[in-house]
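Here is what each chain is made of, one letter per residue.
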Amino acid sequence: MLNVGLTTFEQDLYNQCQAISVEYAIPFFQNSAKDLPPYLLVLDQEKLTLIKAGKKNLKPLYVDFCEGSVAFRRETFSVKNDLLAKAIGVKKYANPIILDTTAGLGRDGFLLACLGCKVTMLERNPILYLLLQDGLRRFANKFAEIYVGLDYELLYQDAKVFLLTKMKYDIIYLDPMFPQRTKSALVKKEMQFLHDIVGPADDSETEELLTLSLKAARYRVVVKRPLHAEKIANLNPSFCYKGKAIRYDVFQNF
C-alpha cells in the first residue's frame, strides 16, 4: 500500500484519529506536520475523505450513497434490465445470500442489498474499508427508514482467508481492480487514487480467489471484467452478460 496518512483540521477529533491510527496502522499527522505522505485521509465532523497532498485541483474522494450517481441508480435499479442483477440472478433466486469478496467503494454490494439480497461485503484494504464504512454510516443517518430494511454487513477481511472458513453463500461476487481508464475526469480521478493505493489485481491472485469461490458458492460465482479482458485461468464461464465496457462472467455451480 502506498504511504497514506491520516489527519484532521479539527482538534476535537484528534483522539478519534489516534484511535483509527492505532487500529488500522495508518500514521496520524497533525495538521501542522511537514513531509506529509502522498495521500491523506482527512476526518471532519461530516465525513471521511481521501485527498492527494499538494493537488488542490483534485476533488477529495469519498463514498456517497445519499446523492449523485449511486443514489440515482438505487432509485432506478431494475432487476429486469440491469446487467449486474441478471448476472447475480436476483430474479432467479429469491433473496439470495451474496458474498462480495472485493467491496472496494461498495457500490455494487450496496445496490444488491437495496434489491433485497443479503450481502456480506469484504474489504482488506484499510483505506477503502474506512471510506466505505463512513459512507454507509452517513447513509444510515440520513435514510434511517431505508437503512433498517437492508440486510448487509461490512467486514475488514481478506477474502482468501475468509473463504477458508468453509462458509457457504448462494452467490459469490468478484470485482478485481480494472486497468486504469481515462474516459472521464471522474473515472480518471477514482482510478488514479485506487491504483496508487491498492494497485491493479494480480492475475494469479484473482485465479486463486476464483478457485476458492467456486468451492464456496451454492449456485454461481460472478466475475466483473473489462469487456475484452482475457478469461481467468483459461476457464470458460457458463455464460456472460456484456455491456458497452464491461462484462459479467458467470460460473454456474450445479
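This text goes with the structure placed above it.
Participant: When you look at helix 1 (residues 14–24) in this model, what are you seeing that I'm missing?
Facilitator: Structural remark: α-helix, 3.6 residues per turn; residues separated by three or four positions point the same way. Along helix 1, the positions that sit buried rather than exposed are Tyr 14, Cys 17, Ile 20, Ser 21 and Tyr 24. Across the axial projection of helix 1, the buried residues extend over an arc of 125 degrees, all falling on one side. Those residues of helix 1 that are exposed and aimed more than 90 degrees away from the buried face are Asn 15, Val 22 and Glu 23. As for helix 1, its buried residues are in contact with strand 1 (4–8), strand 2 (39–43) and helix 5 (126–142). Two residues or fewer past helix 1, Ala 25 is found with a positive phi of approximately 55 degrees.

Participant: Can you help me understand the sheet that holds strand 8 (residues 217–226) in this one?
Facilitator: Sheets are built from strands that pair by backbone hydrogen bonding, the pairs being arranged parallel or antiparallel. With respect to topology, seven strands assemble into an open sheet ordered 6-5-4-7-8-10-9, the strand pairing being mixed. For this open sheet the edge positions go to strand 6 (151–155) and strand 9 (239–242), each flanked by a neighbour on one side alone. Strand after strand, the sheet turns through a mean of 20 degrees between neighbouring axes, direction not considered. Bridge analysis of strand 8 against strand 10 (residues 246–252) gives seven bridges, and the strand direction is antiparallel.

Participant: Would you mind showing me how to read helix 2 (residues 68–76) here?
Facilitator: Those residues of helix 2 lying buried are Val 70, Ala 71 and Arg 74. For helix 2, the angular spread of the buried residues around the axis is 100 degrees, confining them to a single face. Pointing more than 90 degrees away from the buried face of helix 2 are the exposed residues Gly 68, Ser 69 and Phe 72. For helix 2, the secondary structure elements touched by its buried residues are helix 4 (107–114), helix 5 and helix 6 (144–147).

Participant: Looking at this model, I keep getting lost on the packing of helix 2 against helix 4. Mind explaining?
Facilitator: Between helix 2 and helix 4, the least distance of the axes is 10 Å, while the angle of their chain directions is 30 degrees. Considered as vectors, helix 2 and helix 4 are oriented roughly parallel to each other. In the crossing of helix 2 with helix 4, the sense of the turn from one axis to the other is right-handed. Here Val 70, Arg 73 and Arg 74 of helix 2 lie close against helix 4, whose contacting residues are Arg 107, Asp 108, Phe 110, Leu 111 and Cys 114. Of the residues that constitute the contact of helix 2 with helix 4, the class distribution is four nonpolar, no polar and four charged.

Criteria and cut-off values
Residues numbered from 1 in each chain as written. Predicted model: local features only at pLDDT ≥ 70, side-chain atom pairs only at ≥ 80, totals over all residues. Heavy atoms only, no water. Buried < 20%, exposed > 50% of the residue type's maximum accessible area, 1.4 Å probe, protein only. Helix = DSSP H or I, 4+ residues; strand = E, 2+ residues; numbered from the N terminus. Arc of directions from axis to C-beta. Contact = heavy atoms within 4.5 Å. Pairing = 2+ DSSP bridges. Axes fitted to C-alpha atoms, helices over the stretch in contact; angles between N-to-C directions. Parallel < 35°, antiparallel > 145°, perpendicular 65-115°, else oblique. Left-handed = near helix turned anticlockwise from the far one by under 90°. Nonpolar A, V, L, I, M, F, W, Y, C, P; charged D, E, K, R; others polar.

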